[in-house]
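Residue strings, one per chain:
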Amino acid sequence: MATRGRPRHFDRDAALREAMQVFWEKGYEGASLSDLTSAMGIKAPSLYAAFGCKEALFREAVELYTSLEGGATNRALRDVPTAREAIEAMLRDNVREYANPGKPSGCMIVLAAVSGTTENEGVRQFLAEQRKAAIADIQQRLERGIAEGELPRGTDTEAMAGFYATVLHGLSIQARDGATLEAMTAIVDCAMAAWDSLVKRGTKKR
């Protein structure tokens, strides 16, 4: 017989994955402690013992989400040979993931805590930093395009990165609102049709 009061053993990694799914589907504030413990198959004391608190659990869930679901963006920006193709691959690959019926729609980092109560400001700031880092990665890929001679020197990579990140974030919201893969693909088509105009408009005279 188990010793009385001994904490229940569980698979921490599996529990974290379940928590990620709950946060992804319901957002930070929408995910109740009951939702989390039910999905994770544990009691509240075990959650606190293993993860500290709800916010700490959420931060770990975001890290897991980034490692599991951030691959499409990372691969596109790292491996696709040209900047234009990399941005297009980033958008199209993410759209396919957003529309995957086997997963919650949209991007957890965009949707989990855009707004909320003042006591959760730390969570919103945490996610804002995650999004800023993603924009910086896009800008870095565009800067690489300049270095490799694909884009003209003086191209406003900051504005272009902000534009394509905004498209990506908007697609996440569209997905959560029920947009079809076909509808989101059409939006990507429009965004990529603007590429040449953005490069020309953003080029600074030197």
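Residues numbered from 1 in each chain as written. Predicted model: local features only at pLDDT ≥ 70, side-chain atom pairs only at ≥ 80, totals over all residues. Heavy atoms only, no water.

Visitor: Go over the side chain of Thr-73 with me, naming the residues and quoting the values.
Guide: Along the chain, the position of Thr-73 falls in helix α5 (residues 71-79). Within the structure, Thr-73 has its side chain in polar contact with the side chain of Asn-94 (distance 2.8 Å). (Helix = DSSP H or I, 4+ residues; strand = E, 2+ residues; numbered from the N terminus. Polar contact = N/O pair within 3.5 Å; in protein donor to acceptor, adjacent residues only side chain to side chain.)

Visitor: Before we move on, can you summarise the packing of α5 against helix α6 (residues 83-98) with the specific residues and values?
Guide: At a closest axis distance of 8 Å, the pairing of α5 and α6 adopts a crossing angle of 165°. Between α5 and α6, the angle falls in the class roughly antiparallel. For the crossing formed where α5 meets α6, the hand is right-handed. Contacts from Ala-72, Thr-73, Ala-76 and Leu-77 of α5 reach α6 at Ala-86, Ile-87, Ala-89, Met-90, Asp-93 and Asn-94. For the contact of α5 with α6, the per-class residue count stands at 7 nonpolar, 2 polar and 1 charged. (Axes fitted to C-alpha atoms, helices over the stretch in contact; angles between N-to-C directions. Parallel < 35°, antiparallel > 145°, perpendicular 65-115°, else oblique. Left-handed = near helix turned anticlockwise from the far one by under 90°. Contact = heavy atoms within 4.5 Å. Nonpolar A, V, L, I, M, F, W, Y, C, P; charged D, E, K, R; others polar.)

Visitor: Describe the UniProt feature "domain: HTH tetR-type" (unreviewed entry) in the chain, with residues and values.
Guide: As recorded in UniProt, the feature "domain: HTH tetR-type" (unreviewed entry) lies at residues 9-69. What you have in residues 9-69 is 77% helix and 0% strand, and the ends, taken at the C-alpha atoms, are 28 Å apart. (UniProt positions renumbered as here; feature names shortened; annotations may be inferred.)

Visitor: With reference to specific residues and values, describe the pattern of salt bridges.
Guide: Tallied over the full model, the rule gives 13 salt bridges. The residue Arg-92 makes a salt bridge to Glu-88 at a minimum N-O spacing of 2.9 Å. Taken together, the positions of Arg-92 and Glu-88, both in helix α6 and 4 residues apart, correspond to about one turn of that helix. Glu-97 is paired through a salt bridge with Lys-103; the nearest N and O atoms lie 2.7 Å apart. Looking at Glu-97, the relative accessible area reads 30%, which means it is partly exposed. Shared partners join several salt bridges into a network, and the residues in it are Arg-84, Glu-88, Arg-92 and Asp-189. (Salt bridge = Lys/Arg side-chain N within 4 Å of Asp/Glu carboxyl O. Buried < 20%, exposed > 50% of the residue type's maximum accessible area, 1.4 Å probe, protein only.)

Visitor: Give me the lowdown on the packing of aromatic side chains, citing residues and values where you can.
Guide: Applying the stated criterion across every chain yields a total of 6 aromatic pairs. A centroid spacing of 5.0 Å and a plane angle of 70° characterise the contact between Tyr-28 and Phe-58, whose relative ring orientation is edge-to-face. Taken together, the positions of Tyr-28 in the loop between α1 (12-26) and α2 (33-40) and Phe-58 in helix α4 (residues 54-69) put the pair 30 residues apart, joining distant regions of the chain. The buried category is assigned to Tyr-28, whose relative accessible area is 6%. By relative accessible area, Phe-58 is classed as buried at 0%. Among the aromatic side chains, those forming a connected cluster through ring pairs are Phe-23, Tyr-28 and Phe-58. The residue whose ring lies beneath Lys-54 is Tyr-28, and the NZ or CZ to ring-centre distance is 4.6 Å. The positively charged end of Arg-59 is found above the aromatic ring belonging to Phe-126, 4.5 Å away from the centroid. (Phe/Tyr/Trp six-rings, centres within 6.5 Å; stacked < 30°, edge-to-face > 60°. Lys NZ or Arg CZ within 6 Å of the ring centre and 35° of its normal.)

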